[in-house]
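Take a look at the letters that make up each chain.
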Amino acid sequence: MQTTTAENRTGEQACLVGTKAMEEAVQQLSPPSIIDTALADQLRETCAIEADPLGSILAPRDARGLPKPGLEKRKGNDPETFVDKMGERIAFERGGVRLYDALMVKYLAMVEKGILLPNAAECLQSMKEESAGIDADETALSTMQRIRSEELAHFQMLCEAAKEMGADPSAQTPCADATAVAAFGLAQVVSDARTTLAQALNAMLTAELTDNAGWELLIQLAEQSGKKELAERFRLALGEEAEHLRIVRAWHCALVTMADGV
């Protein structure tokens, strides 16, 4: 799907006469004046002070479902934050699987229109990006399927890690709630039948940038909590996520700079 020139009526240049009439009406009916937002700002501040938390963290449980002592607290270590951020990554990885499902549907539709992505290794090499370890014969669709599988594996690994700590991986922690709301718009962009493949990849790029930053923070929290083995597992996931980011960024750049559009 190519971005084209057509009847875009959202800007004032589409109807200069109407724009002038609107400006004259504003001057007559609602003359410009200083807008004081102090009361609105005060109300927002009051709400922020008085509002209940977005959610809570369930106390760690043993194999019988009974409460057990939480992670040891020491300087620089907040176990509740660690569990909360693990919940966030669980939610994000689950959402990542769905994003790649939607991206593959989008890509197959574009293939029917004659738009093909170069394979990841070739695309990365043209961008002078690291491509070691990526099969040079892997098609773009196969790469998407592989990334989707890796996102699912990250989700499953996080769920197991949460269980090992006595946390409930199915619980929606406060950060999981917040990140799900933030990612909702990305899913809408990728799933919208009107968006181009490049626009969908731009949304995926936003997701992968956020995901990489999230894993980096989770590794830091794991190390502060004394969970070195978990930190190593998380580093392996971050390595794969870094590759996802390079591939999506290269694909997006390749499409946007194509001579025949996207």
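Residue indices begin from 1 for each chain and proceed along its sequence in written order. This being a predicted model, a pLDDT of at least 70 is required before a residue's local features are given, and a value of 80 or more before pairs of side-chain atoms are given or counted; all residues contribute to the totals for chains, interfaces and linings. Hydrogens and water are ignored here; the side-chain numbers use all heavy atoms of the structure.

**Some thoughts on the packing of helix α3 (residues 79–112) against helix α5 (residues 140–164)**
Test applied: Think of each axis as a best-fit line through the C-alpha atoms, taken over the contacting stretch in the case of a helix, with angles from 0 to 180 degrees between the N-to-C directions. Helix and strand labels come from DSSP, where a helix needs a run of H or I of at least four residues and a strand needs a run of E of at least two; each type is numbered from the N terminus. Roughly parallel means an angle under 35 degrees; roughly antiparallel, over 145; roughly perpendicular, 65 to 115; everything else is oblique. Should the near helix be turned anticlockwise from the far one by less than a right angle, the crossing is termed left-handed; should it be turned clockwise, right-handed. All residues other than Ala, Val, Leu, Ile, Met, Phe, Trp, Tyr, Cys, Pro, Asp, Glu, Lys and Arg, Gly among them, are scored as polar; the first ten of these are nonpolar and the last four charged.
Remark: α3 packs on α5, axes separated minimally by 9 Å, with the N-to-C direction vectors making an angle of 160°. When the axis of α3 is compared with that of α5, the two are roughly antiparallel. Viewed along their axes, α3 and α5 form a crossing whose handedness is left-handed. Each residue belonging to the contact of α3 with α5 can be placed in one class, and the counts come to 18 nonpolar, 3 polar and 6 charged.

**Focus on the layout of surface pockets**
Here is the rule: A cavity here means a set of 1 Å grid points, computed over protein atoms only, where a 1.4 Å probe fits but cannot escape. A pocket is an open set with protein on both sides within 12 Å along at least 5 of 7 lines, and lining residues have an atom within 4 Å of a point. Grid points are joined across faces, edges and corners, and a volume is the space filled by probe spheres set on the points.
Its volume calculated, the largest pocket comes out at about 290 Å³. Lining the largest pocket are 14 residues, and of these A91, G95, R98, A180 and A183 sit closest to its centre. Elements with a minimum of two residues in the lining of the largest pocket: α3 and α6 (174–191). Take the lining of the largest pocket: its biggest share by element is 7 residues, from α3.

**Looking at the confidence of the model for the protein chain**
What counts here: The pLDDT value expresses, per residue, how confident the predictor is, ranging between 0 and 100.
Per-chain confidence: the protein chain averages 88 in pLDDT, with 90% of residues scoring 70 or above. Confidence, read as mean pLDDT per element, is least for helix α1 (residues 16–29) in the protein chain (87) and greatest for helix α7 (residues 197–224) (97).

**Comments concerning empty space enclosed by the protein**
This model, assessed by the stated rule, comprises 1 cavity of 30 Å³ or more. If you add up the space inside the largest cavity, you get close to 50 Å³. For the lining of the largest cavity, the elements supplying multiple residues, two or more each, are α3 and α7. Grouping the constituent residues of the lining of the largest cavity by class yields 5 nonpolar, 1 polar and 3 charged.

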